[in-house]
Amino acid sequence: FEPHDSLHIPRTANFLNWRFFSNPLQHYLVFGVWVDDQPAGYVVLKLRRQAGRVSGHFVDLATSPADRDVAVSTLFSSAFDMFVWQGVDVISCWSFKTDPFHQMLVKAGFEQTGFTTHFGYRLTREAPLATLDMQITGTLLWPILMLSD
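These lines cover the structure that appears in this document, whether it is placed above or below. Here the residue index of a chain counts from 1 through its sequence in written order. Only residues with pLDDT of at least 70 get local features here, since the model is predicted, and only at 80 or more are side-chain atom pairs given and counted; chain-wide, interface and lining totals rely on the full set of residues. Values shown for side chains rest on all heavy atoms present in the structure; no hydrogens or waters enter the calculation.

**What to know about the packing of aromatic side chains**
Stated precisely, the cut-off is as follows: Aromatic contacts are taken between Phe, Tyr and Trp rings whose centres are within 6.5 Å, Trp giving its six-membered ring; a plane angle under 30 degrees counts as stacked, one over 60 as edge-to-face, and the others as tilted. In this description a helix means any DSSP run of H or I spanning at least four residues, a strand means any run of E spanning at least two, and both kinds are numbered starting from the N terminus. The cut-offs for exposure are 20% and 50% of the maximum accessible area for each residue type, with area from a 1.4 Å probe on protein chains only; residues under the lower value are buried, those over the upper are exposed, and the others partly exposed.
Under the definition given, this model contains eight aromatic pairs. Relative to F110, the ring of F58 has its centre 5.8 Å away and its plane inclined at 75°; by these criteria the two rings are edge-to-face. With a gap of 52 residues between them, F58 in strand β3 (residues 53-63) and F110 in the loop between α3 (102-107) and α4 (129-137) connect regions that are remote in the sequence. Summarising the burial analysis for this pair, F58 and F110 share the class buried. Measuring from centroid to centroid gives 6.3 Å for F80 and F110, while their planes differ by 35°, and the two rings are tilted. Here F80 is found in helix α2 (residues 68-85), whereas its partner F110 is found in the loop between α3 and α4, with 30 residues between them in sequence. The partly exposed category is assigned to F80, whose relative accessible area is 24%. For F110, a relative accessible area of 16% puts it in the buried group. Aromatic rings pair up to connect F58, F76, F80, F83 and F110 into one cluster.

This is the structure in structure tokens:
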């Protein structure tokens, strides 16, 4: 799935394999959806068992723009079925209000709770700061992976 902006990590096969399948410290559950024999999206989930409580986490979600509604509906259904089967007590995910999936999460019953994360950035190459600032505060949508888990 190709990024829709210059700040998004391209979700290539190599990246996805490294991030989710070659990680020796975490075990992820991945569900995919296909439309007309073409990949239309995937969701990556994680379970955490701690102090007698089971929590489920949406770690990554990507869809093709053309199939977003059907892909998200199918992926959410699979995720929620798996979470129920695993006896999950609470489900969490990170989402910005500007994220394309935010309203779909709200419709699925998610509520904003928890803590505020102060997100920062650092330039790694010379670029006009005004251009980057405009991208960040403008209409750019930032899909953020839960990379710190």
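From this point on, the discussion continues.
**Let's talk about the nonpolar core**
Spelled out, the test is: Throughout this description, the term nonpolar core refers to a set of buried Ala, Val, Leu, Ile, Met, Phe, Trp, Tyr and Cys residues connected via side-chain atoms within 4.5 Å. We call two residues in contact whenever any of their non-hydrogen atoms come within 4.5 Å of each other.
V43, L45, F58, L61, F76 and F83 are the most contacted members of the largest nonpolar core, which totals 19 residues. Within the residue set of this core, elements represented by two or more residues are β2 (38-50), β3, α2 and α3. For this core, the leading source of residues is α2, giving seven residues. Excluding anything up to four places from it in sequence, L45 contacts Y28, L29, F31, H57, F58, V59, A79, M82 and F83.

**Re helix α1 (residues 13-21)**
We count it as follows: When we speak of the arc, we mean the arc of directions from the helix axis to the C-beta atoms.
All buried positions along α1 are accounted for by F15, L16, R19 and F20. Looking straight down α1, one finds its buried side chains confined to an arc of 95°; they lie on one side. Among the exposed residues of α1, those pointing more than 90 degrees away from its buried face are A13, N14, W18 and F21. Buried-residue contacts for α1 involve β1 (28-35), β2 and β3.

**A short note on the pairing of strand β4 (residues 90-93)**
Taken residue by residue, a regular strand's side chains alternate between the two faces of the sheet. The condition that has to hold: In this analysis, strands are considered paired if DSSP registers two or more bridges between them. A crossover counts as right-handed when, viewed with the strands pointing away from the observer, the path leading from the first strand over the helix to the second turns clockwise.
In this structure, β3 lies alongside β4, joined through four bridges in parallel fashion. Bridge pairing links S55 to V90 in β4. Taken together, β3, α2 and β4 constitute a β-α-β crossover, and its handedness is right-handed.

**Some remarks on α2**
Rules: One less than the number of residues in a helix, times 1.5 Å, gives the span that helix is expected to have.
Helix length check: α2, at 18 residues, gives a terminal C-alpha distance of 25 Å against a target of 26 Å (1.5 Å per residue), a fit within 8%. Burial in α2 covers these residues: A71, V72, L75, F76, A79, M82 and F83. Across the axial projection of α2, the buried residues extend over an arc of 130°, all falling on one side. In this structure, α2 carries D69, D81, V84 and W85 as exposed residues pointing more than 90 degrees from its buried face. Its buried side turned inward, α2 meets β1, β2, β3, β4 and α3. Among the residues trailing α2, G87 stands out with phi positive, at a value near 70°.

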